[in-house]
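# Coordinate inspection notes
Here's the letter readout for the chains.
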Amino acid sequence: MSELAQQIPSYSPALRRFKDRLATATITAGGAGVLFAILLIFFYLMYEVLPLFDNAQVTESSQYQWSAQGLPLYIAMEEQGEVGLAIGTDHGYFFDIDSGSIGDRVPLGDITDRVTAVAPESAESILLAVGHNTGKVSLLKHSYLLSYPGNERLITPRVEIPYPDQRFSFGNSPIEKLAVRDSEGALVLVGQSAGGKLMVQRYNKEIDFLSEEMTLEQENLVLPQLNDNFEAIYVGIDQRWLYLLGKSGNYTIIDLKQTDENQTLRVAERGNLFNKGGQLASSKMLLGGISLLAASDKGELVQFFMAREDDKDTLARVRSFETGDTTITALIPEHRRKGFLALGSKGQLQIYHSTAHRTLLSEQLASGVSPVNSAISPRGNKLLLINADGSANAWHIDNEHPDISWSALWQKVWYESYEEPAYVWQSSASDNDFEPKYSFSPLAFGTLKAAFYTMLIAAPLGICGAIYTAYFMAPALRRKVKPLIELMEALPTVILGFLAGLWLAPFVENYLTGVFAVLLIVPVGVLAFAFAWSRLPISFRGRVPDGWHAAILIPVIMLLAYLSFAGNDSLELFLFDGDMRVWITSELGISFDQRNALIVGIAMGMAVIPTIFSITEDAIFAVPRHLTYGSLALGATSWQTLVGVVMPTASPGIFSALMIGMGRAVGETMIVLMATGNTPIMDANIFEGMRTLAANIAVEVPEAEVDSTHYRVLFLAAFVLFLFTFVVNTIAELVRQRLRIKYGSL
């Protein structure tokens, strides 16, 4: 005994206390490190997201007196905001934006012609139509060549005549209003003379097959009777709609592609722009030439565009903007975004974004009067204002991310060319006039949809399998089954996604009837086998030890599944006229996509089942045996003991398993990425795909420009996902603690 005591190492109380303190400090440091890492993630996401919600700011960069003789009728500026183009009554000229110094002169027709009207094709276009007092029209394009001689930036402005051999004219009367729209197929010019006469000319482009020379074939369009002198005229992007706006706030829309029996253009619609009445104060076409902005002298500012309603094209009142009852005298659309600036009659400056329906700035300018001319740079970061007294002010604009607002992210938005408001995610397109659509609703819906169908498959199988393994299965069989199922968790999700997309999706599509037959035949077949087994002699059933009955079911389930798929064609022919997919679409009106929520549910279910199974099985197996034995000793059956004692005691662990499994389903990326069509739609249909927040981030982050709005919106999606999992896990922990307190006394 003394020799055994000598072999047992002895520890001093001081050494034991040191080890306890070291373990406590290590564990505390580890926990604090985890919390610190989570906080770092949180604050980094906030750092990337917060600039999205900053308001615009303007600062004056220069002020000077306009040096040219007379105020210009039109001004524009180039990309860098350094050189501008001004058009006066007798000629055009380039000038320096910050100093006003005059540069090269730009001829605008014959020396005797005077300019009476100037119309840009659109906010973003470099094509200008210049009307003269002789009724002639000049077309020109202004561009700017950027070079670096001697490592110094040099901007060389130039003017190009797009159709040098063609002469454009609207008679001999001075032109008061102009509109132009050019395309690959035709050029449309609309002019209004001093007497109020409106004329429309279309020049169809003909290209010679051999020489590839282009010629313009003039076509004079016949307008209906219009008894109005219009204040503004615009041609839509597709050269179909001609918008005519009257001073009294009335509008007339002409369809340029439809005529009546007399070959007269059809009037598509007439009406009033403003609900509060009042006269037209200003108007402009927004970037892209689809939306029309109109402001009244009573402070009403409204966006319109043509939409289809009741099989008829009509001018839809899309949204109105808050102006504080300011009379808007000038509207300045941005060149590359769906934003615009508004100048008030008393020198107010307001900045809006149409899609986000957001007011980014409302500020009183120092001059206190409305400018007579204004221009914004293509990048939207510089504004030039010329006042009636000849003074000029250049302003720097800081407005990086105007596209985002709560309504744009989570509510229905009426996008251009849509028939009604909708939830849409479409972050990019092939053209610069594109209206970004950053709705999180379809992504959040897709995330929850994927998690729902995953848990619908994984939760019953994982929990029921864990219950049987921990409570009913023989220990020897449990030692083989549990590690095998847990080993499934080590399978990379990219492999599961690959198999789901390339093998499972086509298989389910070809054997759709068999898939649903399995869901019916296997449970019924197992119950029938169990009933038949219970009727066998006890001497035969006794040969199978307790806890090994699951092994007998394996061949039964495999046989039933084989019969379900083998009878797929016969069942499909008998029940669905040979094609279940067509029957679902035609009879039930449910669309079918090969990569759908069912595929995601099965594939992600296979990934989540090991997690739910392992945690649930450990929780049930950890229930003290004396509780089980006491219940059985008091006369309860095994099932009564399971339901009344074991399950309540293990409920905190089971609930944790479900929450962890749901968190895994919500955050899963590769399976959803490869097994669905990645279509951001809001449809609960199990046969339709979806796009989740996590998959959307994985798809679009590599192609997003760093620090762009798109880039930061993707970080916002990550932040939403982070908050969602944090809130769900917090609630789950609170519920788990309550369950532990409630059933901990058993």
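Data block above holds the structure.
Every residue gets a number counted from 1 within its own chain, in the order that chain's sequence is written. A pLDDT threshold of at least 70 governs which residues receive local features in this predicted model, and a stricter bar of 80 or more applies before side-chain atom pairs are shown or counted, although totals over entire chains, interfaces and linings include all residues. Only hydrogens and water are set aside when side-chain values are computed; all heavy atoms of the structure are taken into account.

This part takes up a nonpolar patch on the surface. Only residues above 30% relative accessible area that lack a salt bridge enter a patch, with like-charged residues linked at up to 9 Å and the nonpolar side chains Val, Leu, Ile, Met, Phe, Trp and Tyr linked at up to 5 Å. In short, Shrake-Rupley with a 1.4 Å probe defines the accessible areas, and a residue's cover is counted only from the protein chains shown. A side-chain nitrogen of Lys or Arg and a carboxyl oxygen of Asp or Glu constitute a salt bridge if their distance falls within 4 Å. A surface patch of nonpolar side chains, about 500 Å² in accessible area, is lined by Leu 491, Val 494, Ile 495, Phe 498, Leu 499 and Leu 502. What counts as a helix is a DSSP run of H or I of at least four residues, what counts as a strand is a run of E of at least two, and both are numbered from the N terminus. By the element assignment, Leu 491 lies in the loop between helix 5 (475-487) and helix 6 (493-510). Partly exposed residues are those whose accessible area sits between 20% and 50% of the maximum for their type, while under 20% is buried and over 50% is exposed, using a 1.4 Å probe and protein chains only. The exposure class of Leu 491 is partly exposed, given its relative accessible area of 39%.

The next subject is the sheet that holds strand 21 (residues 301-309). Two strands pair if DSSP finds at least two bridges between them. The 4 strands are arranged 19-20-21-22 in an open sheet whose pairing can be described as antiparallel. Edge positions in the sheet fall to strand 19 (280-285) and strand 22 (312-321), since each of these pairs with one other strand and no more. Recorded for the sheet is a direction-independent mean angle of 30° between the axes of neighbouring strands. Bridge count between strand 21 and strand 22: 9 bridges; the pairing is antiparallel. Following the sheet pairing, Ala 307 is matched in strand 22 by Thr 314. Interaxial angle, 0 to 180 degrees, is taken between N-to-C directions of lines fitted to C-alpha atoms, where a helix line uses only the stretch in contact.

Soluble globular proteins tend to bury their nonpolar side chains together. As used in this record, nonpolar core signifies buried Ala, Val, Leu, Ile, Met, Phe, Trp, Tyr and Cys residues forming a set joined through side-chain atoms within 4.5 Å. Of all hydrophobic cores here, the largest spans 72 residues; its most connected members are Phe 440 and Leu 512. Looking at this core element by element, the count peaks at 12 residues for helix 12 (residues 597-621). Excluding residues that lie within four positions of it along the chain, Phe 440 makes contacts with Leu 409, Trp 410, Trp 425, Val 713, Leu 716, Ala 717 and Val 720. Among the nonpolar cores identified, the runner-up in size contains 18 residues, and Trp 241, Phe 274, Val 302 and Met 306 belong to it. Residue contacts are defined here by distance: any two heavy atoms, one from each residue, within 4.5 Å place the two residues in contact.

A few words now on the pattern of salt bridges. Applying the stated criterion across every chain yields a total of 24 salt bridges. Ionic pairing is found between Lys 205 and Asp 182, a salt bridge with its closest N-O pair at 2.8 Å. Linking Lys 205 in strand 13 (residues 198-207) with Asp 182 in strand 11 (residues 175-182), this pair joins segments that are 23 residues apart in sequence. For Asp 182, a relative accessible area of 19% corresponds to the buried category. Measuring nitrogen to oxygen at the nearest pair gives 2.4 Å for the salt bridge that ties Lys 482 to Glu 486. Residue Lys 482 and its partner Glu 486 are both found in helix 5; the two are separated by 4 residues, about one turn of the helix. Since its relative accessible area comes to 11%, Lys 482 is described here as buried. The network of salt bridges with common partners includes Arg 240, Asp 255, Arg 266, Arg 308 and Asp 313.

Residues that lie three or four places apart on an α-helix share one face, since the helix turns once every 3.6 residues. Polar contact criterion, stated in full: a pair of N or O atoms within 3.5 Å, where within protein one must be able to donate a hydrogen and the other to accept it, and residues adjacent in sequence count only if both atoms are side-chain atoms. Among the residues of helix 11 (residues 580-587), the N-terminal cap falls to Asp 579, whose side-chain oxygen and the backbone nitrogen of Arg 581 are separated by 3.1 Å. Gly 589 occupies a position one or two residues after helix 11 and carries a positive phi of about 70°.

Pairing of aromatic rings covers Phe, Tyr and Trp, the last through its six-membered ring, and needs centres within 6.5 Å; plane angles under 30 degrees mean stacked, over 60 mean edge-to-face, and all others mean tilted. Applying the stated criterion across every chain, the model contains 32 aromatic pairs. Each ring, one from Tyr 711 and one from Phe 715, has its centre 4.9 Å from the other, and the planes form 55°; the classification is tilted. In this pair, Tyr 711 and Phe 715 are both assigned in helix 17 (residues 709-743), 4 residues apart and thus about one turn of the helix distant. For Phe 715, a relative accessible area of 15% puts it in the buried group. The rings of Trp 406, Trp 410, Trp 425, Tyr 438 and Phe 440 are connected pair by pair, giving a single aromatic cluster. It is Lys 437 that lies over the ring of Tyr 415; its NZ or CZ is 5.4 Å from the centre. Charges are assigned to positions over rings by a cutoff of 6 Å between ring centre and Lys NZ or Arg CZ, combined with an angular limit of 35 degrees from the ring normal. Stacked on the ring of Phe 621, the Lys or Arg Arg 625 has its end atom at 5.4 Å from the ring centre.

With the exception of glycine, the majority of residues adopt a negative phi angle, and the majority of peptide bonds are in the trans configuration. One non-glycine residue with positive phi stands out, namely Gln 239, at about 60°. Structurally, Gln 239 can be placed in the loop between strand 15 (230-235) and strand 16 (241-246). Phi angles above zero are rare outside glycine, and Asp 707 is one such case at about 70°. In this fold, Asp 707 is placed in the loop between helix 16 (693-700) and helix 17. Judged by its relative accessible area of 40%, Asp 707 falls in the partly exposed class.

Moving on to the packing of helix 4 (residues 441-472) against helix 14 (residues 638-667). It is at 9 Å that the axes of helix 4 and helix 14 come closest, and there the two elements cross at 145°. Crossing angle aside, the handedness with which helix 4 passes helix 14 is right-handed. Of helix 14, the residues touching helix 4 (which contributes Thr 447, Ala 451, Thr 454, Met 455, Ala 459, Ile 463, Ile 467, Tyr 471 and Phe 472) are Ser 638, Trp 639, Thr 641, Leu 642, Val 646, Met 647, Ile 654, Leu 658, Gly 661, Met 662, Ala 665 and Val 666. Polarity classes work like this: nonpolar for Ala, Val, Leu, Ile, Met, Phe, Trp, Tyr, Cys and Pro, charged for Asp, Glu, Lys and Arg, and polar for all others, with Gly in that last group. Class assignment for the residues of the contact of helix 4 with helix 14 results in 16 nonpolar, 5 polar and no charged. Definitions for this section: a left-handed crossing has its near helix turned counterclockwise from the far helix by less than a right angle. A right-handed crossing has that turn clockwise.

With respect to the secondary-structure elements, Glu 617 resides in helix 12. Glu 617 gets classed as buried once you look at its relative accessible area, which sits at 0%. Engagement of the side chain of Glu 617 in a polar contact is seen with the side chain of Arg 478, the distance being 2.5 Å. Setting aside anything within four residues of it in sequence, one finds Glu 617 in contact with Ala 466, Thr 469, Ala 470, Arg 478 and Lys 482.

Next up on the list: the pairing of strand 16. With respect to burial, strand 16 is a largely interior element, 6 of its 6 residues being buried. Neither face of strand 16 is open: one carries Trp 241, Tyr 243 and Leu 245, the other Leu 242, Leu 244 and Gly 246, and all of them are buried. Across 5 bridges, strand 15 lies against strand 16 in antiparallel orientation. In the sheet register, Phe 230 faces strand 16, and the bridge partner there is Gly 246. In this structure, the hairpin formed by strand 15 and strand 16 is closed by a connection of 5 residues, where Gln 239 is found at a positive phi of approximately 60°. Of the pairings in the sheet, the one linking strand 16 to strand 17 (residues 250-259) comprises 5 bridges and is antiparallel in character. Considered in strand 17, the bridge of Tyr 243 is made with Ile 253. What sits between strand 16 and strand 17 in their antiparallel hairpin is a turn of 3 residues, with Gly 249 showing a positive phi close to 95°.

Okay, the side chain of Thr 355 next. With respect to the helices and strands, Thr 355 occurs in the loop between strand 25 (348-353) and strand 26 (358-364). Residue class for Thr 355 comes out buried when judged on its relative accessible area of 5%. Polar contacts involving the side chain of Thr 355 include one to the side chain of Glu 435, which spans 2.5 Å. Apart from the residues within four sequence positions on either side, Thr 355 is in contact with Arg 319, Lys 338, Ala 408, Val 413, Tyr 415, Glu 435 and Pro 436.

Here we take up the sheet that holds strand 11. Spatial strand order, 11-12-13-14: 4 strands in an open sheet with antiparallel pairing. Here the strands that pair on one side only, and so sit at the sheet edges, are strand 11 and strand 14 (214-221). If you compare each strand with its neighbour and ignore which way they point, the axes differ by 20° on average.

Between helix 7 (residues 512-534) and helix 10 (residues 568-576), the least distance of the axes is 8 Å, while the angle of their chain directions is 95°. As summarised for this structure, helix 7 and helix 10 are arranged roughly perpendicular, according to the angle between their axes. Contacts between helix 7 and helix 10 pair Leu 512, Thr 513, Gly 514 and Ala 517 from the former with Asn 568, Leu 571, Glu 572 and Phe 576 from the latter. Angle categories: roughly parallel below 35 degrees, roughly antiparallel above 145, roughly perpendicular from 65 to 115, and oblique for all the rest.

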